[in-house]
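Chain by chain, the residues:
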Amino acid sequence: MSTLVALARALAAERGIAQPVCTARHVHVSDRPLVLIPLALAGEANAPLAAMVGTDPRSPRLLVVHQPRNRDQRFAFAARLAEIVLAHVGGYRSAAAVTRGAGSQPGARHVDAPQIIVPNPAGIGFIRLLGRSTRFRRSTGEHAVDPAVPVLGRWLTFFAERSEHPGSCLLLAATQALALHWASGQSPVEDLNLAALLGWIDPPPGMTGYEAALAAEDPVASPPAGPATDPTFDNEILAPLIAACGRSDVTDAVRERSRSSLETALSGQLAPTWTLVWQAVKLLRALPSAGRLATRWDADKDAFTSYAEHLRDGGPPQPRRDSAVAAARRLNWLERAQASYAAQRALDDPLVLADYRLTGEAFGGPVTTAEPDRLDTSGKRRKLRPVITVVTEDPIRVEPGAALVSPTRPGQTARVVSVSARPPDMPRSATGSDEWSPSNAAFGAEASRPLTEVALELSGGMGRALTAVPGSVPVVGEQLCYTTLTDSYQLHGQFPAREETPWTHGGPPPEYVPTDADAVEAWS
Amino acid sequence: MNDLEARLDRIRGNVAPRNHNARTVAALTSNPGCARRAIMDAAGVDKQLLASCAGFAAQFGQSQFAIGRGNAFEAQVKAGGCAELLRLLREHLQLSIPEVSYDNLDEVGGNTCREVRYARTRALLARAARSDQDAGTLFDHPLLRLQVGGRPVYLEPDLIAFQLRNRFYVVEIKSFSVIDGLADGEKVAAAVIQSAVYVLALRDLLADLGFGADSVADNVVLVCPENFSNQPTAALLDVRKQLTVLQRQLARLERIGSLVDLLPPALTFDPRLDEYGLPHRPVSELISDVRTVQARYAPQCLASCEMCFFCRDEARGTTAALGREVRDELGAVELVQVALRLADGTLTGADDQAEAAAMLRAAARLRSECLDGAA
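All values reported here derive from a predicted model rather than from experimental measurement.

How each quantity is defined
- Residues numbered from 1 in each chain as written.
- Chains lettered and ligands numbered in written order.
- Predicted model: local features only at pLDDT ≥ 70, side-chain atom pairs only at ≥ 80, totals over all residues.
- Helix = DSSP H or I, 4+ residues; strand = E, 2+ residues; numbered from the N terminus.
- Buried ≥ 20, exposed ≤ 12 C-beta atoms within 10 Å, placed from the backbone.
- Contact = placed C-beta atoms within 7 Å.
- Pairing = 2+ DSSP bridges.
- Axes fitted to C-alpha atoms, helices over the stretch in contact; angles between N-to-C directions.
- Nonpolar A, V, L, I, M, F, W, Y, C, P; charged D, E, K, R; others polar.
- Domains from an automatic or database assignment.
- Core = buried A, V, L, I, M, F, W, Y, C linked by C-beta atoms within 7 Å.
- pLDDT = per-residue confidence, 0-100.
- Parallel < 35°, antiparallel > 145°, perpendicular 65-115°, else oblique.
- Left-handed = near helix turned anticlockwise from the far one by under 90°.

### Looking at the overall build of chain B
Working step 1: Broken down by element type, chain B carries 14 helices and 8 strands.
Working step 2: Each of the three principal axes of chain B carries a C-alpha extent, and together these read 75 × 50 × 40 Å.
Working step 3: Taking all 375 residues of chain B together, the buried fraction comes to 39%.
Working step 4: Here the analysis covers contacts within chain B between residues at least 6 apart in sequence; of these, 63% occur between residues at least 24 apart.

Written out as structure tokens, the structure is:
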């Protein structure tokens, strides 16, 4: 957490309503996301109890496992969920594919990708484990399952793994997506409660965020968003109903009534969260989309396309654990994605960039001098190298020679020529009228703060001639930010091929072949 | 000591005392600066009841499904004289265990009184520690005792002590799954710190009998279901780090006696229950008595202390209530209001706040600039 986010939390606490920490939306929200709210039976290893799922806020589908400890019923649940999820994914697979832009991998990518939204990070954990417990199953032989079940397992595993990639939006947790954009007046621990977080962001009329969040903690009025259920609900409502559904000494009609009571009870636990997730979707959609978001969604589409091809070509399910080389490669990938994601968000959003201005990795202020026609004559050929001066009151930690970029002029590099302290009350310069004085403009009456002058030499983005294209060089008085952050290409780490895994890492791992043991593994 | 006991009894009032267990001792060390919790736990106060009488009931219930699974798994591992457990100890830990006997210390001839059980545990462990025989012995549910805040507390036992070749191992059975060799990090962390509490208590007991610290292994055996099945699997976990943390925190815990001495003599948290269990003490009086003892609220308390909602309400307006990270980023300024007035410049702050104030002002300026003054 940064000081700016902490300040926003403090403001939210005082004002009784969440405060924005972004000026743009940094997560992609699909036109037709699949919202999935899973519930699991307490104590068991990811035993599905119920789910509310669908792409239309007005017509959710309810899936219920009447005997959550029964293996056949678990697989029946998986099969019904598979029907819905695979139909959703399939819709994007059959859509026309388009050729990727220049510079990206060869081949075509699907025009769009499916998105799944769950209420919270624990929901992502449920998807990961459901994927793990179903992806190795077989549709033939002993313990055969519905053929859709292992396919569901592979897709769910794909979505769960992809969600670890910074900036990926194929699988989103609503609480995380909201917390990225708003600071509540409570602690990050409490933000994990979707109802409480939404209470701060969008409280009902007549209530403060504080009051709404407090009300949201009552498990009766506002059931937990899963997968864990409220223990009191378990003990007082769920347990008797499950027992009633399992009775063999009653008529079919009585059992049917018990089943329908169980469905009503679970629907009652899920419906409030269903509404909240769609409320979150609506709030996120209302934010203006950040500039570089489309690039990241394109990467998601690429990942989706590749995995769809992998499955089409009969590729094996994801292994239980990564091999040494695959793990190292993945880690390197995640690190690069993390750095690039952080840079992209900062370049897209002045309020995110402000974090870096506070720590000296970026600065902002008005241009006070500009020499748009300056030529560098030191080399064989003369080059256009305009020099500008930016005055800032941000603390600066850049050295002469550093290459900077301005978010509003991404194609242009600014090299630091010099950094110097500017006397606070410097009189109006005699050099000319294009000198801009900070004491009478943006800084208002507070010109006594320490100011720094940064001289920058510009290159790129000004056309090929020795005179800059109009508008390509900042003019005096313009407010600009510069930062050391960069979203440019970073080198991939070098890793040996799988067959050349060194002995220090266990040597080449055996080729993964799904085993019978995997396929018939107990799920009890 | 009797004087202290009397004071603590008075603080608890006419309510049945609650025992410490490894979980409460572990929780104690996660927030050692909280005098309120230290006093309440030492006095055996029923915090759940007290919180609800004060109007701040917190849900710390456990689902019967979770309890059921936990019990069923434990029973399965212990069935047939711990047959499954022995198989695991042999296979996973490569222990060559020739022959094993099994002692259940859950009760002593029908007597479940703590003192009697503790004496019996002590006697049996002493005999085992002194004997030179090679055979292993499993002690189920030994009742242990630990010094907390300068006062002995009994630990509700939820473990097996396993002795092999003059060395004791703590075996902890938990019902969360280990999937492909990985388990929920938080649950493992909780299990490890609880095991460390047992290791410490077991060492305490043996030290009394003249045995050194190495008579109890600093590796504990964690038994959990494997993957999605009910089949148990075992892992040997190193708890040395947790032991160090625990010892340091327990040493830091102020002596309960000195804490109690600072409190008014008439102080009591007794809600004055009638025969139907209904409280008859005015809520405002109860609240003001609880507030006499200082708490140190942090959002982590929400997961571990029954008084959390009471203390959270009391801590409203402090930066600590927003989480330690937020508090640190706000320059450790105590109150939200003060941090915000330092940020908007209406407050200059003390000298030692100068640096925090400058940072906050810079943050506020940037925020307002980015939101066009609307921040």
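### Some details on the overall build of chain A
Working step 1: For chain A, the count of helices and strands is 13 helices and 17 strands.
Working step 2: With respect to the three principal axes, the spread of C-alpha positions in chain A is 100 × 65 × 45 Å.
Working step 3: The buried share among the 524 residues of chain A stands at 42%.
Working step 4: Of all intrachain contacts in chain A linking residues separated by at least 6 positions in sequence, the fraction that spans at least 24 positions is 68%.

### Quick word on the sheet that holds strand E6 (residues 167–173) of chain B
Residues and elements named next belong to chain B.
Working step 1: In spatial order, the strands read E1-E2-E5-E6-E7-E8; together these 6 strands make up an open sheet with mixed pairing. Edge positions in the open sheet fall to strand E1 (100–104) and strand E8 (232–238), since each of these has one partner strand only. Sheet twist, expressed as the average angle between the axes of neighbouring strands with direction ignored, equals 25°.
Working step 2: Pairing between E6 and strand E7 (residues 219–225): 3 bridges, direction parallel. Paired with Ile-173 across the bridge in E7 is Val-223.

### A word on the interface of chain B and chain A
Working step 1: Across the boundary between the two partners, chain B contributes 44 residues, which contact 42 residues of chain A.
Working step 2: If you tally residues by element for the side of chain B that touches chain A, the top one is helix H14 (residues 354–370) of chain B, at 8 residues.
Working step 3: Tallied by class, residues from the side of chain B that touches chain A come to 23 nonpolar, 16 polar and 5 charged.

### Brief notes about the domain arrangement of chain B
Working step 1: Along its sequence, chain B is carved into domain 1 (2–59 + 251–298), domain 2 (64–248) and domain 3 (320–370).
Working step 2: The straight-line distance from the C-alpha centre of domain 1 of chain B to that of domain 3 of chain B is 34 Å.

### A look at the nonpolar core
Residues and elements named next belong to chain B.
Working step 1: Within the largest apolar cluster, 231 residues are counted, with the highest numbers of intra-cluster contacts made by Val-197 and Leu-202.
Working step 2: At 12 residues, the largest contribution of residues to this core is made by helix H7 (residues 185–208).
Working step 3: When residues no more than four places from it in sequence are discounted, the contact partners of Val-197 are Ala-22, Val-25, Ala-26, Leu-146, Leu-155 and Leu-246.

### Considerations on the pairing of strand E15 (residues 409–422) of chain A
Residue and element names in this part refer to chain A.
Working step 1: Direction of pairing for strand E14 (residues 403–406) relative to E15: antiparallel, over a ladder of 4 bridges. Within E15, the position partnered with Val-405 by the bridge is Thr-413.
Working step 2: In this structure, the hairpin formed by E14 and E15 is closed by a connection of 2 residues.
Working step 3: Here 9 bridges tie E15 to strand E16 (residues 451–459), and the two strands are oriented antiparallel to one another. When the bridges of E16 are listed, Val-416 appears paired with Leu-456.

### Points about unusual backbone geometry
Working step 1: Here Gly-226 of chain A and Pro-227 of chain A are connected by a cis peptide whose omega angle stands at -10°.
Working step 2: On the secondary structure map, Pro-227 of chain A appears in the loop between helix H7 (209–216) and helix H8 (231–245).
Working step 3: One non-glycine residue, His-141 of chain B, lies in positive phi territory at about 55°.
Working step 4: Within the secondary structure, His-141 of chain B sits in the loop between strand E2 (136–140) and strand E3 (144–148).

### Remarks on the confidence of the model for chain B
All names here are of chain B.
Working step 1: Mean pLDDT for chain B: 85, with 93% of residues reaching 70 or above.
Working step 2: Within chain B, no element has a lower average pLDDT than E1, which sits at 76, and none a higher one than helix H11 (residues 308–314), at 95.
Working step 3: Here the predicted complex carries an ipTM of 0.89, next to a pTM of 0.90.

### Things to note about the pairing of strand E10 (residues 362–371) of chain A
Residue and element names in this part refer to chain A.
Working step 1: For E10, a buried count of 7 out of 10 residues is recorded, marking the element as mostly surrounded by other parts of the structure.
Working step 2: Two strands pair when backbone bridges link them, and E10 and strand E17 (residues 479–483) are joined in this way by 5 bridges, in the antiparallel orientation. In the sheet register, Ala-362 faces E17, and the bridge partner there is Thr-483.

### Quick notes on the packing of helix H1 (residues 3–15) of chain A against H14 of chain B
Working step 1: The geometry of H1 of chain A relative to H14 of chain B is characterised by a closest axis approach of 10 Å and an angle of 80° between their N-to-C directions. Considering their axes alone, H1 of chain A and H14 of chain B lie roughly perpendicular with respect to each other. Where H1 of chain A approaches H14 of chain B, its residues Thr-3, Leu-4 and Leu-7 of chain A are matched on the opposing element by Met-359, Leu-360, Ala-363, Ala-364, Leu-366 and Arg-367 of chain B.
Working step 2: Residues that form the contact of H1 of chain A with H14 of chain B fall into these classes: 7 nonpolar, 1 polar and 1 charged.

### What about helix H2 (residues 22–30) of chain B?
Residues and elements named next belong to chain B.
Working step 1: The buried count for H2 comes to 7 of 9 residues, which makes it a mostly enclosed element.
Working step 2: Every buried residue of H2 is listed here: Ala-22, Thr-24, Val-25, Ala-26, Ala-27, Leu-28 and Thr-29.
Working step 3: Against helix H3 (35–43), E3, strand E4 (151–155), H7 and helix H8 (240–252) lie the buried residues of H2.

### Details of the packing of helix H3 (residues 121–134) of chain A against helix H4 (residues 148–162) of chain A
Residues and elements named next belong to chain A.
Working step 1: At a closest axis distance of 7 Å, the pairing of H3 and H4 adopts a crossing angle of 140°. If you check the angle between H3 and H4, you find them oblique. Taken as a pair, H3 and H4 cross one another with a handedness that is left-handed. For the pair formed by H3 and H4, the contact residues are Ile-124, Ile-127, Arg-128, Leu-130, Gly-131, Arg-132 and Thr-134 on the first element and Val-149, Pro-150, Leu-152, Gly-153, Leu-156, Thr-157, Phe-159 and Ala-160 on the second.
Working step 2: Across the contact of H3 with H4, the residue classes break down as 9 nonpolar, 4 polar and 2 charged.

### Side note on the sheet that holds strand E8 (residues 171–173) of chain A
All names here are of chain A.
Working step 1: Taken in spatial order, the 5 strands of this open sheet run E4-E3-E2-E7-E8, and their pairing is mixed. In this open sheet, the two edge strands, each paired with only one partner strand, are strand E4 (61–64) and E8. Taken over all neighbouring pairs, the strand axes of this sheet differ in orientation by 20° on average, direction set aside.
Working step 2: Against the sheet, helix H2 (residues 71–94) makes contact with strand E2 (34–40), strand E3 (48–54) and E4, and its axis sits at roughly 20° relative to E3, the strand it touches most.

### Focus on the environment of Asp-261 of chain B
Working step 1: Residue placement: Asp-261 of chain B occurs in helix H9 (residues 256–261).
Working step 2: Between the C-alpha atoms of Asp-261 of chain B and Ile-193 of chain B, which are 68 residues apart in sequence, the distance is 31 Å.

### Digging into the environment of Gly-209 of chain A
Residue and element names in this part refer to chain A.
Working step 1: Its place among the elements puts Gly-209 in helix H7.
Working step 2: Expressed as a C-alpha distance, the spacing of Gly-209 and Ala-13, which sit 196 residues apart in the sequence, is 8.5 Å.
Working step 3: Gly-209 has contacts with Ala-12, Gly-16, Ile-17, Ala-18, Ser-184, Gly-185, Gly-199, Trp-200 and Pro-203, leaving out every residue within four places of it along the chain.

### Focus on the confidence of the model for chain A
All names here are of chain A.
Working step 1: Of the residues in chain A, 92% have a pLDDT of 70 or more, and the chain-wide mean is 88.
Working step 2: Element-level pLDDT for chain A is lowest in strand E5 (residues 97–99), with a mean of 64, against a maximum mean of 98 in strand E7 (residues 116–118).
Working step 3: When the criterion is pLDDT under 50, residues 427–447 qualifies, and its contacts beyond four places in sequence or with other chains add up to 22 contacts.

### Remarks on the environment of Gln-294 of chain B
All names here are of chain B.
Working step 1: Looking at the secondary structure, you find Gln-294 in the loop between helix H10 (283–292) and H11.
Working step 2: With 13 C-beta atoms counted inside 10 Å, the residue Gln-294 sits in the partly exposed group.
Working step 3: With 261 residues separating them in the primary sequence, Gln-294 and Gly-33 have C-alpha atoms 9.4 Å apart.
Working step 4: Sequence-distant contacts of Gln-294, defined by excluding residues within four places in its chain, comprise Ala-35 and Arg-36.

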